Amino acid sequence: MIVKSSGVWLGDVARAVAALGRSDPETVRTVMELLGVESSAGTAAVRPPAASDDGLLAHIVPPATEFRERDDDLEPPPPRPVPMPMAAPAPLPGEGPTLLTPVVRASRPPVAWTAPALAPASRTTRPPLREPLLAPRSASAIVQAAVSRREPDGEVDIPGAVGRLAQGLPLGTLPRRPSPTLRFGVQVLVDRGTGMQPFHRDQDELVARIRRTVGQETTEVLYFEDAPLHGTGTAEQWPWHPYAPPAPGTRVLLLTDLGLGGPPRARQSGRTDWERFFDRLAHSGCTPVVFLPYPRHRWPAWARDRVRMVPWDRRTTVGWVRMHQG
């Protein structure tokens, strides 16, 4: 009994055997296994069809339409493996697309610049030195004029002594002319707020110059942020403590912008904080002087009558400071 497991019939086996030209049992069994035809009673010899067997072959091999009608009741064959794609054969000489000849690329003409070229940078040239806000040749004199107080410590006031004697008044002490002095010292308050960040190096340089001019022992340096009433302290001290005014008669030099610079913040100092601070200094007998790193047209109007201010700029002169300090 012949068992068919796919759309291959016995006629297909006969055709394959005829194409091989061999009808021995081994060849027939191999062809049947390759075509998927199994026999339960063994393999019988299959004779290749002759030219006179057309009628018999027509009865053995049904037409393709009968295959489709009879295969409807059978299970579908298992999927065959997908063959791997093969590389396309190389075209023979004279066949295939014609390759284009590449275009020769010529160099572009040089650009004619109208402006002269810059000189090449020299590695041996040092960058320019940063210049301080105050002119170095007059910075010490400006500090002395801003910090000093005029006290009767100068030469004897001869016209004053003669006037008292002419009025018949006794001379308990010799009257002397007033002269600037630094013996009362200075308290320097350095603003480290956001608005003064671009001037930190200038602040440090000015503090060092004040120490050399006034004296290390008579100079007190404290730091604050936004306003001194929020707390002050030394560079190594943290946290900062409430502000305490110096001894009466001491100059208080402030390196600040009075809240003019920097982005607005919730704790940024305002007019009220500074007015309270200046009132406290006046009550303690101290005179404040502000070094402001902004031009005079930007100074707050309310501060012009409350505190002495010095423009922290290279155009500031000693004469200007003495005239406006009184």
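Please read all numbers here as calculations on a predicted model, not as lab measurements.

**Side note on the side chain of T232**
Part 1: Counting through the fold element by element, T232 comes out in strand 7 (residues 232-233).
Part 2: The class for T232 is buried, based on a relative accessible area of 5%.
Part 3: Ignoring anything within four residues of it in the chain, the contact list for T232 reads L222, Y223, F224, W240, H241, P242 and Y243.

**Here we look at the pattern of salt bridges**
Part 1: Applying the stated rule across the entire model yields eight salt bridges.
Part 2: Ionic pairing is found between E26 and R29, a salt bridge with its closest N-O pair at 2.5 Å. Pair noted here: E26 and R29 are both in helix 2 (residues 25-35), with a separation of three residues, about one helical turn.
Part 3: Note that E275 and R271 form a salt bridge whose closest N and O atoms lie 2.8 Å from each other. One end of the pair is E275 and the other is R271, both in helix 8 (residues 271-283) and four residues apart, which spans about a single turn.

**Details of the pairing of strand 8 (residues 251-255)**
Part 1: Taking burial as the measure, the five residues of strand 8 include five buried ones, the bulk of the element.
Part 2: Side chains of strand 8 alternate between two faces, with R251, L253 and L255 and V252 and L254 buried alike.
Part 3: The pairing of strand 5 (residues 186-191) with strand 8 spans five bridges and is classified as parallel. Among the inter-strand pairings, V190 is bridged to a residue of strand 8, identified as L255.
Part 4: Relative to strand 9 (residues 287-292), strand 8 is paired through five bridges, and the arrangement is parallel. If you follow L255 over to strand 9, its bridge partner there is F291.

**Structural notes on the confidence of the model for the chain**
Part 1: Per-chain confidence: the chain averages 78 in pLDDT, with 72% of residues scoring 70 or above.
Part 2: Segment residues 41-46 is flagged for pLDDT under 50; beyond a separation of four residues in sequence, or across chains, it makes 10 contacts in the model.

**Looking at a nonpolar patch on the surface**
Part 1: On the surface, V156, I158, V162, L165, L171 and L174 cluster together into a nonpolar patch covering about 520 Å² of accessible area.
Part 2: Structurally, L174 can be placed in the loop between helix 6 (158-166) and strand 4 (179-181).
Part 3: You can call L174 exposed: its relative accessible area is 51%.

**Some points on the packing of helix 5 (residues 139-147) against helix 7 (residues 200-214)**
Part 1: The contact between helix 5 and helix 7 brings their axes to 10 Å, and the two run at 70 degrees. Comparing the axis directions of helix 5 and helix 7 gives the class roughly perpendicular. Contacts between helix 5 and helix 7 involve A139, S140, V143, Q144 and V147 from the first element and L206, R209, I210, T213 and V214 from the second.

**Observations regarding helix 10 (residues 318-325)**
Part 1: Looking only at helix 10, the buried set comprises V318, W320, V321 and Q325. One side of helix 10 carries all its buried residues, which in axial view fall inside an arc of 160 degrees.
Part 2: Of the surrounding secondary structure, the elements contacted by the buried residues of helix 10 are helix 5, strand 9 and strand 10 (308-311).

**Observations regarding the packing of aromatic side chains**
Part 1: On inspection of all chains with the given rule, the structure shows seven aromatic pairs.
Part 2: Ring centres of F199 and Y294 lie 6.4 Å apart, and the angle between their planes is 70 degrees; this geometry places the pair in the edge-to-face category. Remark: Y294 occurs in the loop between strand 9 and helix 9 (301-304) and F199 occurs in the loop between strand 5 and helix 7; sequence separation between them is 95 residues. For the pair formed by F199 and Y294, the shared burial category is buried.
Part 3: Look at F277 and F278: their rings are 5.7 Å apart centre to centre, the planes differ by 55 degrees, and that puts the pair in the tilted class. An identical accessibility class is assigned to F277 and F278; each is buried.
Part 4: Three or more aromatic residues link up through ring pairs in this structure, and these residues are F224, Y243, W274, F277 and F278.
Part 5: Geometry around F184 places R149 over its ring, the cationic atom sitting 4.2 Å from the centre.

Criteria and cut-off values
- Residues numbered from 1 in each chain as written.
- Predicted model: local features only at pLDDT ≥ 70, side-chain atom pairs only at ≥ 80, totals over all residues.
- Heavy atoms only, no water.
- Helix = DSSP H or I, 4+ residues; strand = E, 2+ residues; numbered from the N terminus.
- Buried < 20%, exposed > 50% of the residue type's maximum accessible area, 1.4 Å probe, protein only.
- Contact = heavy atoms within 4.5 Å.
- Salt bridge = Lys/Arg side-chain N within 4 Å of Asp/Glu carboxyl O.
- Pairing = 2+ DSSP bridges.
- pLDDT = per-residue confidence, 0-100.
- Patch = residues over 30% accessible without salt bridge, like charges linked within 9 Å, V, L, I, M, F, W, Y side chains within 5 Å.
- Areas by Shrake-Rupley, 256 points an atom, 1.4 Å probe, with all protein chains shown as cover.
- Axes fitted to C-alpha atoms, helices over the stretch in contact; angles between N-to-C directions.
- Parallel < 35°, antiparallel > 145°, perpendicular 65-115°, else oblique.
- Arc of directions from axis to C-beta.
- Phe/Tyr/Trp six-rings, centres within 6.5 Å; stacked < 30°, edge-to-face > 60°.
- Lys NZ or Arg CZ within 6 Å of the ring centre and 35° of its normal.

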